[in-house]
Amino acid sequence: GAVVSQHPSWVICKSGTSVKIECRSLDFQATTMFWYRQFPKQSLMLMATSNEGSKATYEQGVEKDKFLINHASLTLSTLTVTSAHPEDSSFYICSASHYTSGRGEQFFGPGTRLTVL
Amino acid sequence: AQTVTQSQPEMSVQEAETVTLSCTYDTSESDYYLFWYKQPPSRQMILVIRQEAYKQQNATENRFSVNFQKAAKSFSLKISDSQLGDAAMYFCAYTGTGNQFYFGTGTSLTVIP
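None of the values given here were measured: they were computed from a predicted structure.

S.K.: Can you walk me through the overall build of chain B in this structure?
M.R.: In terms of helices and strands, chain B carries zero helices and 12 strands. In chain B, the succession of α and β elements from N to C terminus is β-β-β-β-β-β-β-β-β-β-β-β. Whereas a compact globule of 113 residues would reach a radius of gyration of roughly 13 Å, chain B reaches 13 Å, a difference of no more than 12%. Oriented by its inertia axes, the alpha-carbon framework of chain B measures out at about 40 × 25 × 20 Å. Split into buried and exposed, the 113 residues of chain B put 49% on the buried side. Excluding contacts between residues fewer than 6 apart, the proportion of contacts in chain B whose partners are at least 24 apart in sequence is 53%. Taken as a whole, chain B presents about 5400 Å² of accessible surface, with 47% of it coming from carbon and sulfur. Across chain B, the 8 positively charged side chains and the 10 negatively charged ones have centroids separated by 4 Å.

Printed below as a string of structure tokens:
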């Protein structure tokens, strides 16, 4: 099956610093990648959708200047949390799809736990 | 906008018994897909079962089956012969023409030995 990896799996940073999270599709080319945020014991909330080579589309309420998303290649998307604050602490999950995969089929990464001190 | 509702925050089932998790959704689209995902403590999202809206036949995957009622916009998951490994958070999800996933709030399933 299709495999999506995320790096790092967990990260601790100081308030005010920036953190980059990578999402890679290991055995397929991901034309679209999605970034989600999940608070403890809550559901996944879609933050943004990114298509390779174009700007990401952000969901309402998500600050695009704070959560920078880059999808520069068909196998890599990055999420950079800029000037992180404790309220940005969360679990971030990416998923990927390809136009040849079944309609609606997304492959999820294992997630990244971000803790901002 | 599409919404997905899971009205059972927590459920429990005795090992080897059957449990049904509820999900309702709201959409004006006619072409869409519905999913059940399992999220164990590792937090890796695992696809359990998928249903295409145009198919009348309910999807089945081994011990997992769905009851898809399109007119009622209901999509419940039945787990038969429950096993300890089934304990997890279960999310119902919808995707339509926009390709984004909309998730329900989840149901935490406990399996009692």
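Next comes the rest of the description.
S.K.: What should I look at first to understand the nonpolar core in this one?
M.R.: Taken as a class, soluble globular proteins show a tendency for nonpolar side chains to be buried jointly. Of all hydrophobic cores here, the largest spans 25 residues; its most connected members are Tyr 25, Trp 36, Phe 75, Leu 77 and Tyr 90 of chain B. Mapped by element, the contributors of at least two residues to this core are β3 (19-21), β5 (33-39), β6 (46-52), β8 (64-69), β9 (74-79), β10 (88-95) and β12 (107-112) of chain B. If you tally residues by element for this core, the top one is β10 of chain B, at four residues. If we ignore the near neighbours within four places in the chain, the residues touching Leu 77 of chain B are Val 19, Thr 20, Leu 21, Trp 36, Val 48, Ile 49, Phe 64, Ser 65, Val 66 and Tyr 90 of chain B. Formed by 24 residues, the second largest nonpolar core is a distinct cluster that contains Ile 21, Ala 56, Leu 79 and Val 116 of chain A.

S.K.: Would you mind showing me how to read the sheet that holds strand β1 (residues 4-7) of chain A here?
M.R.: By definition, the strands of a sheet pair up through backbone hydrogen bonds, in either a parallel or an antiparallel sense. Residue and element names in this part refer to chain A. Read from one edge to the other, the open sheet built from four strands follows the order β1-β3-β8-β7, with strand pairing classed as antiparallel. The sheet terminates laterally at β1 and β7 (67-73), the two strands that pair on one side only. The mean inter-strand angle of the sheet, taken between neighbouring strand axes irrespective of direction, is 15°. Looking at chain direction, strand β3 (residues 19-25) and strand β8 (residues 76-81) are connected through six bridges and run antiparallel. Note on β8: the bridge partner recorded for Cys 23 is Ser 77.

S.K.: How do you make sense of a nonpolar patch on the surface when you look at a structure like this?
M.R.: On the surface, Trp 10, Ile 12 and Leu 117 of chain A cluster together to form a nonpolar patch covering roughly 390 Å² of accessible area. One can find Ile 12 of chain A in strand β2 (residues 10-13).

S.K.: Whenever I open this one, the interface of chain A and chain B confuses me. Can you help?
M.R.: Size of an interface: often given as the accessible area lost when the parts come together. On the side of chain B, 21 residues touch chain A, which itself brings 22 residues to the contact. Counting the surface lost from both chain A and chain B, the interface buries some 1700 Å², and carbon and sulfur atoms represent 47% of this. Our count for the chain A to chain B interface comes out at four residue pairs in polar contact (both at pLDDT 80 or more). Breaking the side of chain A that touches chain B down by element, the ones donating at least two residues are β4 (32-38), β5 (44-51) and β9 (90-97) of chain A.

S.K.: Just to check I follow, could you spell out the packing of aromatic side chains for this structure?
M.R.: Geometry of an aromatic ring pair is reported as the spacing of the ring centres plus the angle between the planes. Scanning the entire structure with this criterion turns up 19 aromatic pairs over all chains. Ring geometry for Phe 108 of chain A and Tyr 37 of chain B: centres 5.2 Å apart, planes at 75°, overall edge-to-face. A residue pair is termed interchain when its members come from two chains, as with Phe 108 of chain A in strand β10 (residues 107-108) and Tyr 37 of chain B in strand β5. Relative accessible area serves as the criterion here: at 7%, Phe 108 of chain A is assigned to the buried category. The exposure class assigned to Tyr 37 of chain B is buried, which follows from its relative accessible area of 2%. When the ring of Phe 101 of chain B is compared with that of Phe 103 of chain B, the centres are 5.9 Å apart and the planes differ by 45°; the resulting orientation is tilted. Across this residue pair, the class does not change: Phe 101 of chain B and Phe 103 of chain B are buried. Members of the aromatic cluster, connected to one another through ring pairs, are Tyr 36 and Phe 108 of chain A together with Phe 35, Tyr 37, Phe 91, Phe 101 and Phe 103 of chain B.

S.K.: Any chance you could explain the pattern of salt bridges here in plain terms?
M.R.: When the charged atoms of two side chains with opposite charge come close together, those side chains can pair. Under the definition given, this model contains six salt bridges over all chains. Arg 24 of chain A is paired through a salt bridge with Glu 22 of chain A; the nearest N and O atoms lie 3.4 Å apart. Overall, the relative accessible area of 34% leaves Arg 24 of chain A in the partly exposed class. A salt bridge links Arg 50 of chain B to Glu 52 of chain B; the nearest nitrogen and oxygen atoms lie 3.7 Å apart. When its relative accessible area of 13% is taken as the criterion, Glu 52 of chain B is described as buried. Through salt bridges with shared partners, one network takes in Arg 50, Glu 52 and Lys 55 of chain B.

What counts as what
Residues numbered from 1 in each chain as written. Chains lettered and ligands numbered in written order. Predicted model: local features only at pLDDT ≥ 70, side-chain atom pairs only at ≥ 80, totals over all residues. Heavy atoms only, no water. Helix = DSSP H or I, 4+ residues; strand = E, 2+ residues; numbered from the N terminus. Rg over C-alpha atoms; globule rule 2.2 N^0.38 Å. Buried < 20%, exposed > 50% of the residue type's maximum accessible area, 1.4 Å probe, protein only. Contact = heavy atoms within 4.5 Å. Areas by Shrake-Rupley, 256 points an atom, 1.4 Å probe, with all protein chains shown as cover. Lys, Arg positive; Asp, Glu negative; His and termini not counted. Charge placed at Lys NZ, Arg CZ, Asp CG, Glu CD. Core = buried A, V, L, I, M, F, W, Y, C linked by side-chain atoms within 4.5 Å. Pairing = 2+ DSSP bridges. Axes fitted to C-alpha atoms, helices over the stretch in contact; angles between N-to-C directions. Patch = residues over 30% accessible without salt bridge, like charges linked within 9 Å, V, L, I, M, F, W, Y side chains within 5 Å. Salt bridge = Lys/Arg side-chain N within 4 Å of Asp/Glu carboxyl O. Buried area = accessible area lost by both parts, 1.4 Å probe. Polar contact = N/O pair within 3.5 Å; in protein donor to acceptor, adjacent residues only side chain to side chain. Phe/Tyr/Trp six-rings, centres within 6.5 Å; stacked < 30°, edge-to-face > 60°.

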